[in-house]
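Observations on chain architecture
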Amino acid sequence: QVQLVESGGGLVQAGGSLRLACAASGRTFSGYGMGWFRQAPGKEREFVAAISWSGGSTSYGDSVKGRTTISRDNAKKTVYLQMNSLKPEDTAVYYCAATVKFIATMVAAYTYWGQGTQVTVSS
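Below is a summary of the structure that appears in this document. Residue indices follow the written sequence of each chain, beginning from 1 at its first position. Local features in a predicted model are, by the rule used here, given only for residues with pLDDT of at least 70; side-chain atom pairs are given and counted only at 80 or more, and totals for whole chains, interfaces and linings are based on all residues. Side-chain calculation: all heavy atoms of the structure are included, whereas hydrogens and water are not.

As for the state of the cysteines
Here is the rule we go by: By convention in this document, the label disulfide applies to cysteine sulfur atom pairs within 2.5 Å. Labels follow the DSSP assignment, with helices taken as runs of H or I lasting at least four residues and strands as runs of E lasting at least two, numbered in each case from the N terminus. Remark: exposure states derive from per-residue accessible area (1.4 Å probe, protein chains only) relative to the maximum for the residue type, with buried under 20%, exposed over 50%, and partly exposed in between.
Scanning the entire structure with this criterion turns up one disulfide. For C22, the disulfide goes to C96, at an S-S distance of 2.1 Å. In this structure, the disulfide formed by C22 and C96 twists by about -75° around the S-S bond and is classed as left-handed. Taken together, the residues C22 in strand 3 (residues 18-25) and C96 in strand 9 (residues 92-99) connect sequence positions 74 residues apart. In terms of burial, C22 and C96 fall into one category: buried.

Next up, the structure:
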């Protein structure tokens, strides 16, 4: 079992930055691939970024590539999402998720989900 709690969301102006964090409970955090997804009102949940067990491999969604960095600290059982050059279209609830796979980009691959944190980007 893994429990995930996101933090760091908020209101930011376009062009600004935010750093989201996801704290995990459980003894085997390093055995899970981790991902970030987002969901805007009326839209499907969208892949943002993923990172492998050790952090050596990463993957990014096309809409955030070049503006976003995912990282993890296995000692702190925390995964981070640094988002720069934010745009109004980045407004969504951001979810952290854990998968037993090495790394994954699909919603269906993830077993554990956090409650989400709201990110709002004003123009």
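Structure shown, so let's carry the discussion forward.
Here we look at the pattern of salt bridges
Condition: By definition here, a salt bridge exists when the distance from a side-chain nitrogen of Lys or Arg to a carboxyl oxygen of Asp or Glu is within 4 Å.
Per the counting criterion, the structure on display carries four salt bridges. For D90, the salt bridge is made with R38, and the minimal N-O distance between the two is 2.8 Å. Within this pair, whereas D90 is found in the loop between strand 8 (78-83) and strand 9, its partner R38 is found in strand 4 (residues 33-39), the two being separated by 52 residues in sequence. Its relative accessible area of 6% is what places R38 among the buried residues. Judged by its relative accessible area of 2%, D90 falls in the buried class. Ionic contacts of the salt-bridge type, sharing partners, join the residues R38, E46, R67 and D90 into one network.

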